[in-house]
Amino acid sequence: MELNDFLKEKGTDEKLAQLIMLFSEQAGVIKEGFLSARGAADTKNVYGETQMALDKWADEVLIDALRESRLVRWIATEEQPDIIEVEGAINQFGVTIDPLDGSSLIDVNLAVGTIVGLYPGHVLEPGNTMVGALYILYGPLTTLTYTTGTGVHEFVMGNDGRFTLMQENLTIPEGKIYAPGALRKDYLPYHKQFIEQLESEGYKLRFSGSFVADVHLILHKGGLFTYPAFAGKDSGKLRLLFEGTPMGKMVSEAGGAISTGRGNLLDVKPTAVSDRTPIYVGGKREIALIESIVKGSGT
Ligand code: AFP
């Protein structure tokens, strides 16, 4: 079944369905861009990182399409320092976008993705207020996974650029995979204890450097992804709005959970678009384990 028909059959709010369709259409445009745009641009984003040309380009593609459609009022993207307010918006939605997560892997042809958070209004609100989330993964196949709070569903792009249903009501299985970010020498004591426990239980390491691809793997195979707080970086590396909340919403809707290590990440109220956060995302068992270790550590 095609995405459009599926959204209708699920009784998705019409305006939200239009928005999801818009992102699905832009996926084809972004995929085309992989063939033509290459190399690093000489500008830096709000985090001081070098932007790859494709990040900037994908950012522009998505912002232009959203402005033209007027389907959302607020746009926050990882590549823009400020939240954009769309003139003449016909809906009150807010969106957060990481246009190309894992962009340092583009030139070696590994999986990257677009991550989107969908809010009923302004985006500087806790993740638990979101009306949905989606991500597009550009791997051997191009897939779109979304939730609007009634299950997590996955679609695959065909030659005609349209998405058809691959898996309905995805749920995270139990599994023994761990994807740990940050350098081991910088681990804080509670995190070291947690990782050592997973290793002693036989968890296998999988970490690609593309958050969206790594969380996609965990969603399908079970286990845990983490990019923790580490020595000198209380907030870790990843972005609350662009990475944490949308993928956290997705995994939580699929029966898993997301935590800062101290509580549900979806309860955190952002202070700015550039907020970073420690992230633990995956099965409920692993999330309960890290929270109990943090609690027991008294730190
Ligand atoms: P880019 O989008 O700039 O490539 O960053 C990728 C990322 O934010 C996330 O997708 C990865 O999980 C994480 O960084 C990898 O970080 P390390 O390079 O520190 O392992």
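Worth saying up front: this structure is predicted, and the values here are computed from it rather than measured.

Let's talk about the pairing of strand β5 (residues 94–101)
- Of all eight residues in β5, eight are buried; the element is thus mostly enclosed.
- Alignment of strand β3 (residues 74–77) against β5, held across four bridges, turns out to be parallel. Bridge pairing in β5 links Ile 75 to Val 95.
- Summarising the sheet, β5 and strand β6 (residues 112–119) pair through six bridges and their orientation is antiparallel. Looking across to β6, one finds that Asp 98 is bridged to Ile 115.

Quick notes on the pattern of salt bridges
- Within this structure, the stated rule accounts for 11 salt bridges.
- When the shortest N-O distance is used, the salt bridge between Glu 78 and Arg 239 registers 3.3 Å. In this pair, Glu 78 is assigned in the loop between β3 and β4 (84–85) and Arg 239 in the loop between β13 (224–227) and α6 (240–253), connecting sequence segments 161 residues apart.
- Classification of Glu 78 as buried rests on a relative accessible area of 5%.
- Each member of the salt-bridge network shares a partner with another, and the members are Glu 78, Arg 239 and Glu 243.

Concerning unusual backbone geometry
- Even without being a glycine, Arg 70 presents a positive backbone phi close to 60 degrees.
- For Arg 70, the position within the fold is in the loop between α3 (53–69) and β3.
- The partly exposed category is assigned to Arg 70, whose relative accessible area is 36%.
- Its identity is not glycine, yet Asn 169 carries a phi of approximately 50 degrees, on the positive side.
- Looking at where Asn 169 falls in the secondary structure, it is placed in the loop between β10 (163–167) and β11 (177–180).

Some words on the domain arrangement of the chain
- Taken domain by domain, the chain consists of domain 1 (3–167) and domain 2 (177–297).
- Summing the contributions of domain 1 and of domain 2, the shared interface buries around 2800 Å²; its carbon and sulfur component is 64%.
- Here domain 1 is connected to domain 2 by two salt bridges.
- A salt bridge links Lys 269 to Glu 125; the nearest nitrogen and oxygen atoms lie 3.4 Å apart.

Remarks on the side chain of Thr 145
- One can find Thr 145 in strand β8 (residues 142–147).
- Relative accessible area serves as the criterion here: at 0%, Thr 145 is assigned to the buried category.
- Within the structure, the side chain of Thr 145 is placed 3.2 Å from the side chain of Glu 154, a separation counted as a polar contact.
- Sequence-distant contacts of Thr 145, defined by excluding residues within four places in its chain, comprise Ala 133, Leu 134, Tyr 135, Val 152, His 153, Glu 154, Leu 170 and Met 250.

Concerning the nonpolar core
- Ranked by size, the top nonpolar core spans 40 residues in total, and within it Leu 3, Leu 19, Phe 23, Leu 66, Ile 75, Val 95 and Tyr 146 carry the most contacts.
- Every element with two or more residues in this core is listed here: α1 (3–9), α2 (14–36), α3, β5, β6, β7 (132–138), β8 and β9 (152–157).
- Per-element accounting of this core gives the leading share, nine residues, to α2.
- Once residues lying within four places of it in the same chain are set aside, the contact partners of Val 95 are Leu 19, Phe 23, Leu 66, Val 72, Trp 74, Ile 75, Ala 76, Val 116, Gly 117, Leu 118 and Val 123.
- In this structure, Phe 211, Ile 218, Ala 254 and Ile 279 belong to the second largest nonpolar core, which totals 37 residues.

Things to note about the sheet that holds strand β15 (residues 279–282)
- Pairing is mixed across the open sheet formed by five strands, whose spatial order is β12-β11-β13-β15-β14. Here the strands that pair on one side only, and so sit at the sheet edges, are β12 (204–205) and β14 (257–259).
- Along the sheet face, α6 touches β14 and β15 and points at about 145 degrees away from the line of β14.
- The strands touched by helix α7 (residues 284–297) are β13, β14 and β15; relative to β15, the strand with the most contacts, the crossing angle is about 150 degrees.

About the cut-offs
- Residues numbered from 1 in each chain as written.
- Predicted model: local features only at pLDDT ≥ 70, side-chain atom pairs only at ≥ 80, totals over all residues.
- Heavy atoms only, no water.
- Buried < 20%, exposed > 50% of the residue type's maximum accessible area, 1.4 Å probe, protein only.
- Helix = DSSP H or I, 4+ residues; strand = E, 2+ residues; numbered from the N terminus.
- Pairing = 2+ DSSP bridges.
- Salt bridge = Lys/Arg side-chain N within 4 Å of Asp/Glu carboxyl O.
- Domains from an automatic or database assignment.
- Buried area = accessible area lost by both parts, 1.4 Å probe.
- Polar contact = N/O pair within 3.5 Å; in protein donor to acceptor, adjacent residues only side chain to side chain.
- Contact = heavy atoms within 4.5 Å.
- Core = buried A, V, L, I, M, F, W, Y, C linked by side-chain atoms within 4.5 Å.
- Axes fitted to C-alpha atoms, helices over the stretch in contact; angles between N-to-C directions.

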